[in-house]
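Descriptive structure summary
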Amino acid sequence: MNEQLRQLGEQYWDYTLERQPTQALMLGDHRYDDRFEDMSRQAEDAVIGRLREFAAEAETIDPAGLTPDERISRDVLIFEAGTSADMQETRQAELAVNHTIGLQTTLPVIVPMLPLTEPEHALAMPAKFTAMARSIRQSAVRFQEGVANGRLPIRYHADKTVEQIDEYLASPAEEDPYLGLRTPEAFSEADAADWRAEIADVIASEIRPAWEEFRRVVAEEVAPAARSSDQPGVCFLADGEELYRRAIRRHTSIDLSAEEIHEIGLSQIAKLDDEYRTLGGEVLGTTDLTEIYNTLRNDPALRFEDGPSIVTASEMAMAKAKAAMGDWFGRLPQADCVVQETPHGPTAYYFPPATDGSRPGTFFINTADPTRWHRFEIESMAYHEGIPGHHLQLAISGELEDVPEFRKHARVTAYAEGWGLYTERLADEMGLYSGAMERIGMLSADSMRAGRLVVDTGLHAMGWTRQQAIDYFADNSPMSMTSIEGEVDRYIGMPGQALAYMVGRLEITKYRDHAHAELGDRFDIKGFHDTVLGSGLVPLPTLERMVDEWVRAS
C-alpha cells in the first residue's frame, strides 16, 4: 500500500467534509452539524489554493509503483481536486442567479432530508440555520461583485428568481419549508415543541431577512444591469471562452472542443429519426417526424393530471427494475430506493442514501405542475434516476468497503450521468418498458440528451439566443414547451453540465462494444457492469483502462 497516497486521500476527504458541512450531514457525518457552507470570495480563494495542493501532491506520486486500484485513487484525486479548482477560479458564483437551480430552489429540498436521528443533531440546527442565513447573504454579496466585474446573469433569470423569493416571503410563517426538519424520535413532545419554536425564531430573525436582502440585491442591483436573453451564454463574458473550456473538461472528463461536441449532438439527433418513424408508425399511425413530435407534445391524453399518479407510475417502473436487476448485475445495493414528489428543484433528481442507513436512496420528481409530465416519459426517467441508474451506481459506490472514502462520493459528472443515460437503453435490453409508447419515451429522453450537446454548445460557444435554443428543441424533440424552457434555463445557469449525459453514455457504450468484440462468447454482461460500478465514480479515461484490464483478465 502506498502510504503517501493513502494519507493524502484521507486528508482530502476530511477537508472536503469540513468545507461542505451539509454534505457531511447528508452522509451521516455529524461533526459539522452546526455549520453551513461558506460562500464568500475569501473562502473560495482558500479552497482553490488547498485543492491545487492536493492535486500537485498526487501528481508527484509515480503511477508505475502503484497497484491498479491505487492508480484509480490517484486519477480520481487529481481530477477531482484539479478540475474543482479550475471551476472555482471561473467565479461562477458571481452570476449564479437562476430560477431553476438557484439556492432558493435547492435549500427547501435539502432541509427536510437532513438526517437528524438523535437529539444532539437537532439541537445543532439553530446554529446551522444562522450559518445558512449568513451564506444566503454571502451569495448576494457575490452577485454584487459580479455587477462590479461586469459578470451578470440574464434579466429573465433575475426576474424569475425575484418572483420565487417573493412567493416564499409571502407564504405563512407556520408553513415555512425550512420548518420541514425531521424530528428525532427520542424527543419528548415538549422537547420537540420547544425545539421547533426555536427553529421558527431563527427563520423569522435570520433566514427570512437574509432572503429579503438577497431579493433586494437581485431586484435592485443585478436585474437592471443584467444581460438580455439574446446574450445568455458565457461566450458573452470577457473570460467566457476559458470558462467554457474548463466546464467541458470538468463535466466530460475528456478533451473535446465545443465544436466537436456540437457535431456529435447533430449526428445523434439524426440517428434517432428512423427509430421515431418506426415507433411512430406503430403507435401513432404516422411516420412524419413533425406530426409525431406535435402529437406527443400536445395530446392532453398523454399528460398526467396529478402528482400521486406520477409517483405511482414511477414506483411501478422501479418495481419491475428491482425484480430484474439480479439478472444483469452481480453486485447489488443494500440500500433501498424510494420515490418522493417535491414542488422544488429540477424536474427529477436522485439523492444517494445516508451511509449510516438513516435515509434510503431517493428519486425526487417535481410535481409542482403535473401536466408538464407526459405519461410516456416516466419509465425512462425512473430507470435513469432510480434502478438500474443512479441508485445502483451511487448506492453501490457508497457501500464499497475496499476503496478510499473520497472515491465513494466522488463527483465525476460524465460517469454519473453517462451511466444514468446508458441505463435507459439498458432497460430496453432488460425488457422493462411496458410497450411501444414507453419506448418512445426512451427516444424522447435521447432527443433531450443529444439536443443538449447542440444547445449547450450553441448557447455558450456559438452565441445562440435563448429563443434559438428553445426553437431547436421544439423542432427536434417531442418535449413539452414547459420542459424545453426549463431545460434551456438550466443550461444557461450551468455551462457544460448538460454535456455529460450523452458524452458519458457514448463512451460507456463504446467501452462495452470493445469488450464484447474482444471477448466474443466469453463476454459477461454482469462482469462488465460490476467492473463499471465496482470502483466508485471515475473519470472516463480511467474507466476505459479499467474495462481494458477486465478484458485482459477475462
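The notes below deal with the structure included here. All values reported here derive from a predicted model rather than from experimental measurement.

**A short note on the overall build of the chain**
Within the chain, the regular secondary structure consists of 23 helices and 3 strands. At 23 Å, the chain has a C-alpha radius of gyration in line with the 24 Å of a compact globule built from 554 residues. A principal-axis box enclosing the C-alpha atoms of the chain has dimensions of 65 × 60 × 55 Å. A total of 554 residues make up the chain; the buried ones form 58% of that total. Within the chain, residue pairs in contact and separated by at least 24 positions form 78% of the contacts whose partners lie at least 6 positions apart. Roughly 21,500 Å² of accessible area belongs to the chain as shown, and the carbon and sulfur atoms make up 48% of that amount. In the chain, 53 side chains carry a positive charge and 94 a negative one; their mean positions are 3 Å apart.

**Some details on the packing of helix 4 (residues 68-88) against helix 10 (residues 240-252)**
The packing of two helices is summarised by the inter-axis angle and the distance between the axes. Running from N to C, helix 4 and helix 10 point in directions that differ by 150°, and their axes come no closer than 9 Å. One way to sum up the angle between helix 4 and helix 10 is to call them roughly antiparallel. Between helix 4 and helix 10 lies a crossing of left-handed hand. Touching F79, E80, T83, S84, D86 and M87 of helix 4 are R246, A247, R249, R250 and H251, all from helix 10. Tallied by class, residues from the contact of helix 4 with helix 10 come to 3 nonpolar, 3 polar and 5 charged.

**Side note on the packing of aromatic side chains**
Enumeration over the complete set of coordinates arrives at 20 aromatic pairs. Ring geometry for Y349 versus F351: centroids 6.2 Å apart, planes at 70°, classification edge-to-face. By the burial criterion, Y349 is buried, and F351 matches it. Sitting above the plane of the F54 ring, R50 keeps its charged end 3.9 Å from the centroid. The positively charged end of R466 is found above the aromatic ring belonging to Y156, 4.0 Å away from the centroid.

**What to know about the nonpolar core**
Within the largest apolar cluster, 130 residues are counted, with the highest numbers of intra-cluster contacts made by F528 and L543. Sequence-distant contacts of L543, that is, excluding residues within four places in its chain, are made with Y415, I508, Y511, V532 and V538. By size, the runner-up hydrophobic cluster in this structure holds 46 residues, among which are V111, A133, F143 and F364.

**A short note on the sheet that holds strand 3 (residues 361-366)**
Pairing within the open sheet is mixed, and its 3 strands lie in the order 1-3-2. Every other strand in the sheet has two partners, leaving strand 1 (337-342) and strand 2 (348-351) as the edge strands with one partner each. Strand after strand, the sheet turns through a mean of 25° between neighbouring axes, direction not considered. As judged from the 6 bridges shared by strand 1 and strand 3, these two strands associate in the parallel manner. By the bridge assignment, Q340 is partnered in strand 3 with F364. Of the strands in this sheet, strand 1, strand 2 and strand 3 are in contact with helix 15 (residues 390-399), which crosses strand 2 at around 20°.

**Concerning helix 14 (residues 378-385)**
Burial within helix 14 is extensive, with 8 of its 8 residues counted as buried. Among all positions in helix 14, only I378, E379, S380, M381, A382, Y383, H384 and E385 are buried.

Rules behind the numbers
- Residues numbered from 1 in each chain as written.
- Predicted model: local features only at pLDDT ≥ 70, side-chain atom pairs only at ≥ 80, totals over all residues.
- Heavy atoms only, no water.
- Helix = DSSP H or I, 4+ residues; strand = E, 2+ residues; numbered from the N terminus.
- Rg over C-alpha atoms; globule rule 2.2 N^0.38 Å.
- Buried < 20%, exposed > 50% of the residue type's maximum accessible area, 1.4 Å probe, protein only.
- Contact = heavy atoms within 4.5 Å.
- Areas by Shrake-Rupley, 256 points an atom, 1.4 Å probe, with all protein chains shown as cover.
- Lys, Arg positive; Asp, Glu negative; His and termini not counted.
- Charge placed at Lys NZ, Arg CZ, Asp CG, Glu CD.
- Axes fitted to C-alpha atoms, helices over the stretch in contact; angles between N-to-C directions.
- Parallel < 35°, antiparallel > 145°, perpendicular 65-115°, else oblique.
- Left-handed = near helix turned anticlockwise from the far one by under 90°.
- Nonpolar A, V, L, I, M, F, W, Y, C, P; charged D, E, K, R; others polar.
- Phe/Tyr/Trp six-rings, centres within 6.5 Å; stacked < 30°, edge-to-face > 60°.
- Lys NZ or Arg CZ within 6 Å of the ring centre and 35° of its normal.
- Core = buried A, V, L, I, M, F, W, Y, C linked by side-chain atoms within 4.5 Å.
- Pairing = 2+ DSSP bridges.

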